[in-house]
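What follows is the residue order along each chain.
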Amino acid sequence: KGWRLSVGIVLLNKEKKIFMGERIDNKGAWQMPQGGVNIAINENLDVAAKRELFEETGVRNAKIINESKGWYYYYLPDHLKNRLWGGKFLGQKQKWFLFNFEGEDEEINLKSDKKPEFYKWKWEEPKNVCANIVDFKKKIYTNILKEFKFINF
C-alpha cells in the first residue's frame, strides 16, 4: 500500500550505450524512461514497458531481452510527495526491463506523448549513467545496472 506500480526501461543501442533523457520539469536531472502501469485495465508489465518506451521516446523498434528478477522501490522526497500523483503515494514500486534498440536514432521523438517528459536525450556509457541521476533514484539505478551486468561495484 502506498506504492505506485510502475516500470523502468534500460534501452541499449548497438554500441551498448544507454538511452538517457533530461527531464523537462527538472533541468540537469537525467533518467531512463519509466512510468506507471495502468492497473484499471490489468495492464501486463511488459506491455506497460513497451507503451511507456513509446510514449516517452517514440521508439517502437525495440525488443525486450531481460526483466529484473525482483521489484525495486524508491521513496519520493518530502518536497515531491504532495506534488506528484495527487499525494497518494510514498514512492514507486518498479519492475525494470532491458531492451535492445533495433531502430535508428531518427526514430527517437521526445514529443510523441501528449505531455513530454524529456527535453533532450543522449546515449550514455553505462559507467556514467548514475552521474546525473537525482539522489533518490541513484540506489535503484546502481542496483539495476548491477543486475543487468553493466557495472561491478
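Read on for a plain summary of the structure. (Residues numbered from 1 in each chain as written. Predicted model: local features only at pLDDT ≥ 70, side-chain atom pairs only at ≥ 80, totals over all residues. Heavy atoms only, no water.)

## Describing the packing of aromatic side chains
Turning to step 1, where the next piece is worked out: Inspection of the entire model under this criterion finds nine aromatic pairs.
Turning to step 2, where the next piece is worked out: Relative to Tyr 73, the ring of Trp 3 has its centre 5.0 Å away and its plane inclined at 75 degrees; by these criteria the two rings are edge-to-face. Of this pair, Trp 3 sits in strand 1 (residues 3–12) while Tyr 73 is found in strand 6 (residues 72–75), placing the two residues 70 residues apart along the sequence.
Turning to step 3, where the next piece is worked out: Each ring, one from Trp 96 and one from Tyr 141, has its centre 5.5 Å from the other, and the planes form 80 degrees; the classification is edge-to-face. Here Trp 96 is found in strand 7 (residues 91–101), whereas its partner Tyr 141 is found in helix 3 (residues 135–147), with 45 residues between them in sequence. (Phe/Tyr/Trp six-rings, centres within 6.5 Å; stacked < 30°, edge-to-face > 60°. Helix = DSSP H or I, 4+ residues; strand = E, 2+ residues; numbered from the N terminus.)

## Regarding the pairing of strand 6
Turning to step 1, where the next piece is worked out: Because side chains alternate across strand 6, one face comprises the buried residues Tyr 72 and Tyr 74, and the other comprises Tyr 73 and Tyr 75, none of which is buried.
Turning to step 2, where the next piece is worked out: Relative to strand 7, strand 6 is paired through four bridges, and the arrangement is antiparallel. By the bridge assignment for strand 7, Tyr 73 is matched with Lys 93. (Buried < 20%, exposed > 50% of the residue type's maximum accessible area, 1.4 Å probe, protein only. Pairing = 2+ DSSP bridges.)

## Some words on the side chain of Gln 94
Turning to step 1, where the next piece is worked out: With respect to the helices and strands, the residue Gln 94 is situated in strand 7.
Turning to step 2, where the next piece is worked out: For Gln 94, a relative accessible area of 1% corresponds to the buried category.
Turning to step 3, where the next piece is worked out: Engagement of the side chain of Gln 94 in a polar contact is seen with the side chain of Trp 96, the distance being 3.0 Å.
Turning to step 4, where the next piece is worked out: Filtering out sequence-adjacent residues up to four positions away, Gln 94 remains in contact with Ser 6, Val 7, Gln 34, Gly 70, Trp 71, Tyr 72, Tyr 74 and Ile 140. (Polar contact = N/O pair within 3.5 Å; in protein donor to acceptor, adjacent residues only side chain to side chain. Contact = heavy atoms within 4.5 Å.)

## Considering unusual backbone geometry
Turning to step 1, where the next piece is worked out: We note that Lys 16 has phi near 65 degrees; this positive angle belongs to a residue other than glycine.
Turning to step 2, where the next piece is worked out: With respect to the helices, strands and loops of the structure, Lys 16 is situated in the loop between strand 1 and strand 2 (18–23).
Turning to step 3, where the next piece is worked out: The backbone of Lys 149 sits at a positive phi, close to 65 degrees, despite the residue not being glycine.
Turning to step 4, where the next piece is worked out: Here Lys 149 is to be found in the segment after helix 3.

## Considering the pattern of salt bridges
Turning to step 1, where the next piece is worked out: Counting across every chain of the model gives ten salt bridges.
Turning to step 2, where the next piece is worked out: Here Lys 14 makes a salt bridge to Glu 104, at a shortest N to O gap of 3.9 Å. Residue Lys 14 is located in the loop between strand 1 and strand 2, and its partner Glu 104 is located in the loop between strand 7 and strand 8 (118–124); the two are separated by 90 residues in the primary sequence. For the residue pair Lys 14 and Glu 104, the accessibility class agrees, reading exposed in each case.
Turning to step 3, where the next piece is worked out: A salt bridge links Arg 51 to Glu 43, with the shortest nitrogen-to-oxygen separation between them at 2.7 Å. (Salt bridge = Lys/Arg side-chain N within 4 Å of Asp/Glu carboxyl O.)

## Focus: the side chain of Gln 31
Turning to step 1, where the next piece is worked out: Within the fold, Gln 31 resides in strand 3 (residues 30–31).
Turning to step 2, where the next piece is worked out: Here Lys 137 takes part through its side chain, which lies 2.8 Å from a polar atom of the side chain of Gln 31.
Turning to step 3, where the next piece is worked out: Once residues within four sequence positions are removed from consideration, Gln 31 is found in contact with Phe 19, Met 20, Gly 21, Arg 23, Glu 117, Phe 118, Ile 133, Lys 137 and Tyr 141.

## Here we look at helix 1 (residues 45–57)
Turning to step 1, where the next piece is worked out: Here helix 1 is 13 residues long and its end C-alpha atoms lie 18 Å apart, about the 18 Å a rise of 1.5 Å per residue gives.
Turning to step 2, where the next piece is worked out: Those residues of helix 1 that fall on the buried side of the exposure criterion are Ala 48, Ala 49, Glu 52, Leu 53, Glu 56 and Thr 57. Buried residues of helix 1, seen end-on, are gathered within an arc of 135 degrees and therefore sit on one face of the element.
Turning to step 3, where the next piece is worked out: Where helix 1 is buried, its residues contact strand 1, strand 2, strand 4 (34–36), strand 5 (62–67), strand 7 and strand 8.
Turning to step 4, where the next piece is worked out: Following helix 1 by one or two positions, Gly 58 adopts a phi angle in the positive range, close to 80 degrees. (Expected span 1.5 Å × (residues − 1). Arc of directions from axis to C-beta.)

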